[in-house]
Amino acid sequence: MRTGLGLLTMAVLLALTACGGSTVSVPAGIPANFNSILSGLKSAVTETKNDLGGERNDARIGPTNPAGTCVNLVANVDYDVTTIIDHDRQDVIDEVNNLQAAIAAVRQDITNLQNDVQAIVNQGVPPPTDESSAISSANHQIRLALSTANSDIDRVNTYIDQAYSIANAMASGTCSGHGPGAEPGKIGHLS
């Protein structure tokens with residue numbers, strides 16, 4: 001991300017010095033494109049939903065199956081939650097962390113751009129006319145990414161809660177203590 005804004009800043013500076021301060025337009029989509037990370041996040045959330053469906057199918061049998069008392073709960077339902085769905089949860093966390101890092105990089109790029117523009121202004125060069133537009137566009141992209149990601153985070157937190165609730169509800173009576181136990185903490189929102 002820094003390279004993209006660095007190149008944008010360099011292009012603006014070169015255009016200003018070469019063209020005597022004429023207006024330079026900022027390419028659309030600069031400075032941030034979070035689509036691939038958000039796509040990965042959405043895919044991880046969908047996988048969690050699908051795996052919750054698999055757990056529900058396993059849970060329909062009940063805690064016991066022909067193999068023995070509590071075997072379905074331990075071998076299938078609990079496994080669905082503590083292995084498969086917890087793995088999905090980690091995939092979501094990884095994508096959230098990737099997005100947080102990308103957002104932090106863009107925010108740093110914005111600060112660097114502002115500092116670079118101030119430095120050239122201090123040298124008597126007029127500021128680029130589209131600086132505020134580029135910064136506004138970057139901040140808009142960040143807000144959209146945050147909104148989308150936080151909505152996906154809410155959805156996956158609900159799926160995980162449901163997964164643990166289903167399995168723990170089965171862990172009663174003779175199967176008491178065979179469920180997954182307390183669910184892990186909620187995945188927090190990005191800001």
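Everything below is about the structure printed above this text.
Computed from a predicted structure; not experimentally measured.

Asks: Account for the state of the cysteines, with residues named and values stated.
Replies: Such a bond, covalent and formed between the sulfur atoms of two cysteines, is termed a disulfide. Within the structure shown, the criterion is met by 1 disulfide. Bridging Cys 70 to Cys 175, the disulfide has an S-S length of 2.0 Å. In this structure the cystine formed by Cys 70 and Cys 175 twists about its S-S bond by roughly -105°; its chirality is therefore left-handed. Placement of the pair is Cys 70 in the loop between helix H2 (35-59) and helix H3 (71-122) and Cys 175 in the segment after helix H4 (131-170), with a sequence separation of 105 residues.

Asks: Summarise the packing of H3 against H4; cite the residues concerned and give the values.
Replies: It is at 10 Å that the axes of H3 and H4 come closest, and there the two elements cross at 165°. Between H3 and H4, the angle falls in the class roughly antiparallel. As for how H3 packs across H4, the hand of that crossing is left-handed. Looking at the contact of H3 with H4 residue by residue, the classes come out as 25 nonpolar, 3 polar and 4 charged.

Asks: Quick one: what's the story with the pattern of salt bridges, residue by residue and with numbers?
Replies: This model, assessed by the stated rule, comprises 3 salt bridges. The shortest N-O distance in the salt bridge between Lys 42 and Asp 152 comes to 3.5 Å. Of this pair, Lys 42 sits in helix H2 while Asp 152 is found in helix H4, placing the two residues 110 residues apart along the sequence. A single salt-bridge network, built from bridges that share partners, covers Lys 42, Asp 152 and Arg 155.

Criteria and cut-off values
Residues numbered from 1 in each chain as written. Predicted model: local features only at pLDDT ≥ 70, side-chain atom pairs only at ≥ 80, totals over all residues. Heavy atoms only, no water. Disulfide = S-S within 2.5 Å. Helix = DSSP H or I, 4+ residues; strand = E, 2+ residues; numbered from the N terminus. Axes fitted to C-alpha atoms, helices over the stretch in contact; angles between N-to-C directions. Parallel < 35°, antiparallel > 145°, perpendicular 65-115°, else oblique. Left-handed = near helix turned anticlockwise from the far one by under 90°. Nonpolar A, V, L, I, M, F, W, Y, C, P; charged D, E, K, R; others polar. Salt bridge = Lys/Arg side-chain N within 4 Å of Asp/Glu carboxyl O.

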